[in-house]
Amino acid sequence: MSIKPIVLLPDSVLREKSAPIERFDDDLTRLAADMTETMYDAPGIGLAAIQIGIPRQMLVVDVSKDEDNKTPQVFINPEIVKNSDEMNVYEEGCLSIPEYYAEVERPAAITVNYLDLSGKAQTIEADGLMATCLQHEIDHLNGVLFIDYLSKLKRQMVIKKFTKLAKQNAAVL
Ligand code: K2U
Ligand code: ZN
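Now for a quick tour of the structure. Fair warning: this is a prediction, and the values are worked out from it, not measured in the lab.

Reading guide: rules and limits
Residues numbered from 1 in each chain as written. Chains lettered and ligands numbered in written order. Predicted model: local features only at pLDDT ≥ 70, side-chain atom pairs only at ≥ 80, totals over all residues. Heavy atoms only, no water. Core = buried A, V, L, I, M, F, W, Y, C linked by side-chain atoms within 4.5 Å. Buried < 20%, exposed > 50% of the residue type's maximum accessible area, 1.4 Å probe, protein only. Helix = DSSP H or I, 4+ residues; strand = E, 2+ residues; numbered from the N terminus. Contact = heavy atoms within 4.5 Å. Near = heavy atom within 4 Å. Polar contact = N/O pair within 3.5 Å; in protein donor to acceptor, adjacent residues only side chain to side chain. Areas by Shrake-Rupley, 256 points an atom, 1.4 Å probe, with all protein chains shown as cover. 1 Å grid on protein atoms, 1.4 Å probe; cavity = no way out; pocket = protein on both sides within 12 Å on 5 of 7 lines; lining within 4 Å. Sits in = over half its atoms within 2 Å of the grid points. Nonpolar A, V, L, I, M, F, W, Y, C, P; charged D, E, K, R; others polar. Donors = N, O, S within 2.8 Å, 3.2 Å for Na, K, Ca; no water. Pairing = 2+ DSSP bridges. Salt bridge = Lys/Arg side-chain N within 4 Å of Asp/Glu carboxyl O.

## Brief notes about the nonpolar core
Here's step 1: Among the nonpolar cores identified, the biggest contains 16 residues, and Leu-59, Val-61, Phe-75, Val-112, Ile-124, Met-130 and Leu-134 are the most heavily contacted of them.
Here's step 2: Where this core is concerned, the elements lending two or more residues are strand S2 (58–61), strand S6 (109–115), strand S7 (121–127) and helix H2 (128–141).
Here's step 3: Sequence-distant contacts of Leu-134, defined by excluding residues within four places in its chain, comprise Leu-59, Val-61, Phe-75, Ile-110, Val-112, Ile-124 and Ala-126.

Below, the structure written as structure tokens:
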């Protein structure tokens, strides 16, 4: 297992659409382990493979918040098949857009079909923080970021700020 660098805005990699996973082998298991370790190190409660530069439809989530009882879950080729009419607003952040938070409205409850690490079909009914996190991560697999739900002005401000930061970091290296 190893901790991988997290891709940051404005890297265009974050806008790529991730490909479905078809091979369930040791490499996939290793990728899930690296993603899980990277997520805990950040720290975060979710991570999509694209955030470590790999455009494949895999995400890891752990909303347990219990340091001593970690329950990481792996979702492969996830598909939202049901959304509640009820909506929920949550102040979201993103490991690829560090230290920027904004309120995002999303369906409060969802049903997701996915494959587990052994390739077995699974279904989860999620609400609360799990529903928000899964929607945030599945957005990543489609090249969508939570800032895309903000006003054009706010989104442009955030992109400008992180573009400036990236240029300053490049100048130092
Ligand atoms: O995809 C990511 O960047 C991981 C996010 C997932 C997330 C975003 C918004 C709401 C829920 C989950 C990170 O975990 S951001 C850090 C964080 C931690 C706890 C609650 C909210 C955000
Ligand atoms: Zn994110």
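## Regarding the environment of Leu-115
Here's step 1: With respect to the secondary-structure elements, Leu-115 resides in strand S6.
Here's step 2: Look at Leu-115 and you get partly exposed, because its relative accessible area is 21%.
Here's step 3: When sequence neighbours within four positions are dropped, the list of residues in contact with Leu-115 reads Phe-24, Val-74, Phe-75, Ile-76, Asn-77, Lys-120 and Ala-121.

## Overview of the site of ligand 1
Here's step 1: Neighbouring ligand 1 are 15 residues; Ile-45, Gly-46, Gln-51, Leu-95 and Glu-137 lie closest to it.
Here's step 2: Interatomic distance of 2.8 Å between a side-chain N/O atom of Glu-137 and an oxygen atom of ligand 1.
Here's step 3: Here ligand 1, which alone exposes 470 Å², has 87% of that area covered by the protein.
Here's step 4: Given that more than half its atoms are within 2 Å of the pocket grid, ligand 1 belongs to the largest pocket.
Here's step 5: Elements with a contribution of two residues or more to the shell around ligand 1: strand S4 (87–92) and H2.
Here's step 6: The dominant element in the shell around ligand 1, judged by the number of residues it contributes, is H2, at six residues.
Here's step 7: Grouping the amino acids of the shell around ligand 1 by side-chain chemistry returns six nonpolar, seven polar and two charged.

## With respect to the coordination of the zinc ion (ligand 2)
The expected angle between donors at a tetrahedral four-coordinate metal is 109.5 degrees. At an octahedral six-coordinate metal it is 90 or 180 degrees.
Here's step 1: Bound to the zinc ion (ligand 2) on the protein side are Cys-94 (SG), His-136 (NE2) and His-140 (NE2), at distances that span 2.1 to 2.2 Å.
Here's step 2: In the primary sequence, the donor residues of the zinc ion (ligand 2) line up as C-x41-H-x3-H. In this pair, Cys-94 is assigned in the loop between S4 and strand S5 (102–107) and His-140 in helix H2, connecting sequence segments 46 residues apart.
Here's step 3: Owing to a relative accessible area of 1%, His-140 belongs among the buried residues under this scheme.

## Concerning the environment of Val-61
Here's step 1: As for its placement among the helices and strands, Val-61 is situated in strand S2.
Here's step 2: Judged by relative accessible area, Val-61 falls into the buried class, the value being 0%.
Here's step 3: Linking Val-61 and Asn-77, residues 16 residues apart in sequence, is a C-alpha distance of 14 Å.
Here's step 4: Residue contacts for Val-61: discarding those within four places in its chain leaves Met-39, Ile-45, Gly-46, Thr-71, Pro-72, Gln-73, Phe-75, Met-130, Cys-133, Leu-134 and Glu-137.

## Some points on the pairing of S2
Here's step 1: The alternating pattern of S2 places Met-58 and Val-60 on one face and Leu-59 and Val-61 on the opposite face, and all of these are buried.
Here's step 2: Across three bridges, strand S1 (residues 46–48) lies against S2 in antiparallel orientation. Following the sheet pairing, Leu-47 is matched in S2 by Val-60.
Here's step 3: In this structure, S2 lies alongside strand S3 (residues 73–83), joined through four bridges in antiparallel fashion. Bridge pairing in S3 links Val-60 to Val-74.

## Side note on the pattern of salt bridges
Here's step 1: All told, the structure shown has five salt bridges when counted by the stated rule.
Here's step 2: Between Arg-30 and Asp-27 there is a salt bridge whose closest N-O contact spans 2.9 Å. Taken together, the positions of Arg-30 and Asp-27, both in helix H1 (residues 26–41) and three residues apart, correspond to about one turn of that helix.
Here's step 3: Classification of Arg-30 as partly exposed rests on a relative accessible area of 45%.
Here's step 4: Its relative accessible area of 48% is what places Asp-27 among the partly exposed residues.

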